[in-house]
Amino acid sequence: RQNYPGRVNRVFLLRTPSTFLLFWSLLKPFIGTDTRKKIVFLNESHRQEQFSDLVSVDQATPWMLDGGQKTREFDSKEYLFETPFDEGFDP
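Just so you know, these numbers come straight off a predicted model, no measurement behind them.

Novice: Explain the overall build of the protein chain residue by residue, including any values.
Specialist: Of regular secondary structure, the protein chain possesses 4 helices and 2 strands. The N-to-C order of helical and strand elements in the protein chain reads β-α-α-β-α-α. Within the protein chain, residue pairs in contact and separated by at least 24 positions form 34% of the contacts whose partners lie at least 6 positions apart. Split by element, the accessible area of the protein chain, about 7700 Å² in all, is 53% carbon and sulfur.

Here is the structure:
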């Protein structure tokens, strides 16, 4: 926490179940205001609008944007064990 304060710009939560929203309403008062502002809940109608402002279609996956071109399957073992720490992972 001391080494990387404020490194996350925004966290998007997509298609969260209603039970999670109940859990969130209980947890929310214990989370700092700056952190709460970074957490964004998206429903299907706002997904396209939010992600299109942040990511181009050639860099997006289909679940992010309609017509997203990044279709490679995510391999967690490759990401965790084979990708060098100082290089980006390009799924």
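Novice: Break down the side chain of Thr61 for me, citing the residues and quoting the values.
Specialist: Along the polypeptide, Thr61 turns up in the loop between helix H3 (44–54) and helix H4 (76–82). The residues touching Thr61, leaving out its near neighbours within four places in the chain, are Gly68 and Lys70.

Novice: Tell me about a nonpolar patch on the surface, and please be specific about residues and values.
Specialist: On the surface, Phe74, Tyr79, Leu80 and Phe81 cluster together to form a nonpolar patch covering roughly 500 Å² of accessible area. For Phe81, a relative accessible area of 68% corresponds to the exposed category.

Novice: Help me get a handle on the environment of Ile31, residues and values and all.
Specialist: With respect to the element layout, Ile31 can be found in the loop between helix H1 (18–27) and helix H2 (33–38). A relative accessible area of 18% means that Ile31 is categorised as buried. Each residue touching Ile31, except ones within four places of it in the same chain, is listed here: Trp24 and Arg36.

Novice: Outline the nonpolar core, supporting the account with residue identities and numerical values.
Specialist: Counting residues in each nonpolar core, the largest one holds 7 residues, listed as Val40, Leu42, Phe51, Val55, Ala60, Met64 and Leu65. Apart from residues lying up to four places away in sequence, Leu65 is in contact with Arg47, Gln48, Phe51, Ser52, Val55, Ser56, Val57 and Ala60.

Novice: I'd love a proper account of unusual backbone geometry, names of residues and values included.
Specialist: Backbone geometry at Arg15 places phi at a positive 55°, although glycine is not the residue there. Mapping Arg15 onto the fold places it in the loop between strand E1 (11–14) and H1. Relative accessible area serves as the criterion here: at 54%, Arg15 is assigned to the exposed category.

Novice: Talk me through the packing of aromatic side chains; I want residue IDs and the actual numbers.
Specialist: By the definition in use, this model includes 3 aromatic pairs. Ring geometry for Phe20 and Phe23: centres 6.1 Å apart, planes at 50°, overall tilted. Here the residue Phe20 and the residue Phe23 both occupy positions in helix H1, the gap between them amounting to 3 residues, near one helical turn. Ring geometry for Phe20 versus Phe41: centroids 6.1 Å apart, planes at 50°, classification tilted. Of this pair, Phe20 sits in helix H1 while Phe41 sits in strand E2 (residues 39–42), placing them 21 residues apart in sequence. On the accessibility criterion, Phe20 (28% relative accessible area) is partly exposed. Among the aromatic residues, those joined into a cluster by ring pairs are Phe20, Phe23, Trp24 and Phe41.

What counts as what
- Residues numbered from 1 in each chain as written.
- Predicted model: local features only at pLDDT ≥ 70, side-chain atom pairs only at ≥ 80, totals over all residues.
- Heavy atoms only, no water.
- Helix = DSSP H or I, 4+ residues; strand = E, 2+ residues; numbered from the N terminus.
- Contact = heavy atoms within 4.5 Å.
- Areas by Shrake-Rupley, 256 points an atom, 1.4 Å probe, with all protein chains shown as cover.
- Patch = residues over 30% accessible without salt bridge, like charges linked within 9 Å, V, L, I, M, F, W, Y side chains within 5 Å.
- Salt bridge = Lys/Arg side-chain N within 4 Å of Asp/Glu carboxyl O.
- Buried < 20%, exposed > 50% of the residue type's maximum accessible area, 1.4 Å probe, protein only.
- Core = buried A, V, L, I, M, F, W, Y, C linked by side-chain atoms within 4.5 Å.
- Phe/Tyr/Trp six-rings, centres within 6.5 Å; stacked < 30°, edge-to-face > 60°.

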